[in-house]
Amino acid sequence: MIKKHNIISEFLVYTYVSVKYLLINGKWSVFVSDIMRFSFWRKTRKKSADNLLTHYPWLAFGAIDFLEQWLHKEMNVFEYGSGSSTLFFAKRVNSVISIDHNKDWFKNGEASKLKYHLHNVQYLLREPQPRQIESGQCNNPDLYLSCMGEYANYSFEQYVKSIDSFPDAYFDLVVVDGRARPSCLKHAVNKVKVNGILLLDNADRNYYTQYLPQLFHEDSWEIKIFKGHLPYNSASELDTTILFTKKK
């Protein structure tokens, strides 16, 4: 009886949020798709403590659906922020370079690589470094800062610049879902192939792109915005994922 009550409560919250933010804004097809994901969403919630078990990225469901159709075995992927997304990509592409700033999470990734025999994945650890200057805006891509308070006195320059060692137009997909995202976006722009994608998660945080208006130039980038529920999170939370497809 308690279990049934929990399902009903979760469904009501899940539906209310979908109606409020998707249906009311005229996104009927997105709303229907989001509701149809409820059962799968509940399964991921049960494994939220260890999302490496699900092999599903922490992205809006619509973005996941798109990537499942778009990815293929000849592609090369670079991602800022490892996790379940790394396992998801590894099954579908030629190679994955995954950067992490957290030593424990990096070790988890290495363990999962061995467990699932992921020979096409390379994990790199780039921990933040203490910095001398304490002032600076975290939305400035030239400062390599995180907006998280615990990293106020640290620089993510080495983390961000890990992509610089690769040739321009090398990656089919670059995922920005880690720390110092404005800086990551700026360094990733030239590394994406024509017709490749630069993916930004949690894109409702406008400060990520505040200093990068060029990403919204229609002659250079095609923009796809996906908003909806996502794996692992609560029924009351939605995510916004933007896919910038390079035109030239």
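The notes below deal with the structure included here. Predicted model, so just to flag it, every value in this text is computed and none were measured.

1. Let's talk about the nonpolar core
(1) Moving on: Judged by nonpolar contacts, the single largest core of 31 residues is most densely connected at Leu-67, Leu-71, Phe-89, Val-93, Leu-173, Leu-199 and Leu-243.
(2) Moving on: The set of elements that each furnish at least two residues to this core consists of helix H3 (38–46), helix H4 (61–70), helix H5 (84–90), strand S3 (121–125), strand S6 (171–176) and strand S7 (192–200).
(3) Moving on: Setting aside anything within four residues of it in sequence, one finds Leu-243 in contact with Ala-63, Phe-66, Leu-67, Ile-197, Leu-198, Leu-199, Glu-222, Ile-223, Lys-224 and Phe-226.
(4) Moving on: In terms of nonpolar packing, the next biggest core, distinct from the first, is built from 30 residues, Ala-180, Cys-184, Leu-200 and Leu-215 among them.

2. Here we look at the sheet that holds strand S9 (residues 239–246)
(1) Moving on: Judged by pairing direction, the sheet is mixed, and its 7 strands sit side by side in the order S3-S2-S1-S6-S7-S9-S8 without closing on themselves. One side of each edge strand has no neighbouring strand; the edge strands of this open sheet are S3 and strand S8 (221–228). Averaged over neighbouring strand pairs, the angle between their axes works out to 15° when direction is ignored.
(2) Moving on: Bridge count between strand S2 (residues 95–100) and S3: 5 bridges; the pairing is parallel.

3. So, the side chain of Ser-82
(1) Moving on: In this structure, Ser-82 sits in the loop between strand S1 (76–80) and H5.
(2) Moving on: A relative accessible area of 11% places Ser-82 in the buried class.
(3) Moving on: Polar side-chain contacts of Ser-82 include one of 2.6 Å to the side chain of Asp-100.
(4) Moving on: Ser-82 has contacts with Ser-98, Ile-99, Asp-100, Trp-105 and Tyr-123, leaving out every residue within four places of it along the chain.

4. Thoughts on the pairing of S9
(1) Moving on: Within S9, 8 of the 8 residues are buried, which leaves the element mostly enclosed by the surrounding structure.
(2) Moving on: Alternating residues of S9 divide into Asp-239, Thr-241, Leu-243 and Thr-245 and Thr-240, Ile-242, Phe-244 and Lys-246, and every residue in both groups is buried.
(3) Moving on: Note that S7 and S9 share 4 bridges and pair antiparallel. Bridge pairing in S9 links Leu-199 to Leu-243.
(4) Moving on: In the sheet, S8 pairs with S9 via 8 bridges, with the strands oriented antiparallel. Paired with Ile-225 across the strands is Ile-242, a residue of S9.

5. Section: helix H6 (residues 103–115)
(1) Moving on: A rise of 1.5 Å per residue sets the reference length of H6, with its 13 residues, at 18 Å; its end C-alpha atoms lie 18 Å apart and thus fit the reference within 8%.
(2) Moving on: When we look at burial in H6, the residues that qualify are Phe-106, Gly-109 and Ser-112. Buried residues in H6, looked at end-on, bunch into an arc of 120°, giving them a common side. In H6, the exposed residues that point more than 90 degrees away from the buried face are Asp-104, Leu-114 and Lys-115.

6. A look at the packing of aromatic side chains
(1) Moving on: The tally for this structure, following the rule as stated, stands at 25 aromatic pairs.
(2) Moving on: When the ring of Tyr-56 is compared with that of Phe-88, the centres are 5.9 Å apart and the planes differ by 55°; the resulting orientation is tilted. Here Tyr-56 is found in the loop between H3 and H4, whereas its partner Phe-88 is found in helix H5, with 32 residues between them in sequence. Each member of the pair, Tyr-56 as well as Phe-88, carries the same accessibility label: buried.

What counts as what
- Residues numbered from 1 in each chain as written.
- Predicted model: local features only at pLDDT ≥ 70, side-chain atom pairs only at ≥ 80, totals over all residues.
- Heavy atoms only, no water.
- Core = buried A, V, L, I, M, F, W, Y, C linked by side-chain atoms within 4.5 Å.
- Buried < 20%, exposed > 50% of the residue type's maximum accessible area, 1.4 Å probe, protein only.
- Helix = DSSP H or I, 4+ residues; strand = E, 2+ residues; numbered from the N terminus.
- Contact = heavy atoms within 4.5 Å.
- Pairing = 2+ DSSP bridges.
- Axes fitted to C-alpha atoms, helices over the stretch in contact; angles between N-to-C directions.
- Polar contact = N/O pair within 3.5 Å; in protein donor to acceptor, adjacent residues only side chain to side chain.
- Expected span 1.5 Å × (residues − 1).
- Arc of directions from axis to C-beta.
- Phe/Tyr/Trp six-rings, centres within 6.5 Å; stacked < 30°, edge-to-face > 60°.

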